[in-house]
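Observations on the three-dimensional arrangement
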Amino acid sequence: MRVDVVTIFPDYLAALDLSLVGKARKAGLLDLRVHDLRDWTTDRHRTVDDTPFGGGAGMVMRPDVWGRALDDVLGSADDDAPGHLVVPTPSGEVFTQRHAEALAGEEHVVVACGRYEGIDARVVDRARAAGHRVSEFSIGDYVLNGGEVAALVMIEAFGRLLPGVVGNPHSLVEESHGAAGLLEYPVYTKPPAWEGLDVPDVLLSGHHARIERWRRDQALARTAARRPDMIAALDVAGLDKADLTVLAEQGWTVDSGRLRPVAE
Ligand SMILES: C[S@@+](CC[C@H](N)C(=O)[O-])C[C@H]1O[C@@H](n2cnc3c(N)ncnc32)[C@H](O)[C@@H]1O
């Protein structure tokens, strides 16, 4: 998979040389290229921003500079592997594991990192009009200074899903936000007793079916406590009797084929 990142702070992306994503790059699983947007400026000061039309605070990134950069990096929509343009922005759709899974299936992703008050809106309009797929993603309901941290988040999220990046692919299956639609159960390692805190007996029992049931119960209870929105989104058809018992203990009941809080 090829990923291009365009930014005015290329050094910010150096973290992608570390850990599993760094290994994926070295192994050739991820062809990651980081570009300095200022390479597409034409003036002596290498200017990438200007004042906003309509007035107001801050500066806006110029469309002409971004247009030249994306023409080079994104390519044409008719190319063999045209880039899927990803624009981090707090006004975008919230980025989730489903988006990470979809991006992991792409051949070429281009991330355009904004700064200041963001990128002139015509840049995205023009890429869409040229036939490119464009996704504007927010990594959460808060405002960062620039798109670089969001790019790191998204590249790590989809990069680890590429075949061969995570050593044991099974470890991806039961994770939070996976196909089960639940948060992961609590995890423990050695020593079994530590500062008066014991690992739950069932995990030391060697009884696989009981361990699996305990983990499922914990995942359901934890999700109900922390993310009721995820419980409400569960498909009731995928839940067994034991699941419904745990959910009932957490205050959820099935009503007209949907899970609803009892107090609702
Ligand atoms: C200061 S922000 C611009 C905020 C913009 N004026 C607004 O209110 O929507 C500068 C850049 O940081 C990035 N950014 C900030 N918060 C983000 C978030 N929650 N998710 C993704 N990118 C974000 C975007 O690239 C954005 O263009």
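Calculation notes
- Residues numbered from 1 in each chain as written.
- Predicted model: local features only at pLDDT ≥ 70, side-chain atom pairs only at ≥ 80, totals over all residues.
- Heavy atoms only, no water.
- UniProt positions renumbered as here; feature names shortened; annotations may be inferred.
- Buried < 20%, exposed > 50% of the residue type's maximum accessible area, 1.4 Å probe, protein only.
- Helix = DSSP H or I, 4+ residues; strand = E, 2+ residues; numbered from the N terminus.
- Contact = heavy atoms within 4.5 Å.
- Near = heavy atom within 4 Å.
- Polar contact = N/O pair within 3.5 Å; in protein donor to acceptor, adjacent residues only side chain to side chain.
- Areas by Shrake-Rupley, 256 points an atom, 1.4 Å probe, with all protein chains shown as cover.
- Nonpolar A, V, L, I, M, F, W, Y, C, P; charged D, E, K, R; others polar.

If you check an unreviewed UniProt entry, the chain appears there as tRNA (guanine-N(1)-)-methyltransferase from Isoptericola hypogeus. Quoted verbatim from the Sequence similarities (unreviewed entry) field of the UniProt record, the comment on the chain reads "Belongs to the RNA methyltransferase TrmD family." Word for word, the UniProt comment on the chain under Catalytic activity (unreviewed entry) is "guanosine(37) in tRNA + S-adenosyl-L-methionine = N(1)-methylguanosine(37) in tRNA + S-adenosyl-L-homocysteine + H(+)".

**Some remarks on helix H2 (residues 63-73)**
Along H2, the residues that are buried comprise Val65, Trp66, Gly67, Ala69, Leu70 and Val73. In this structure, the buried side of H2 is in contact with strand E1 (2-7), strand E2 (31-36), strand E4 (60-61), strand E5 (84-94), strand E6 (108-112) and helix H4 (122-129). Phi turns positive one or two residues past the end of H2, at glycine 75, with a value near 80°.

**What about the site of the ligand?**
Around the ligand lies a shell of 18 residues, among which Pro88, Glu117, Ile139, Tyr142 and Leu144 are the nearest. In this structure, proline 88 approaches the ligand through a main-chain N or O atom, which is 2.9 Å from an oxygen atom. In this structure, glycine 146 approaches the ligand through a main-chain N or O atom, which is 3.3 Å from an oxygen atom. For the ligand, whose free accessible area comes to 580 Å², the fraction covered by protein is 82%. Every element with two or more residues in the shell around the ligand is listed here: E5 and strand E7 (134-138). With 3 residues, E5 is the single largest residue contributor to the shell around the ligand. In terms of residue class, the shell around the ligand is built from 9 nonpolar, 8 polar and 1 charged.

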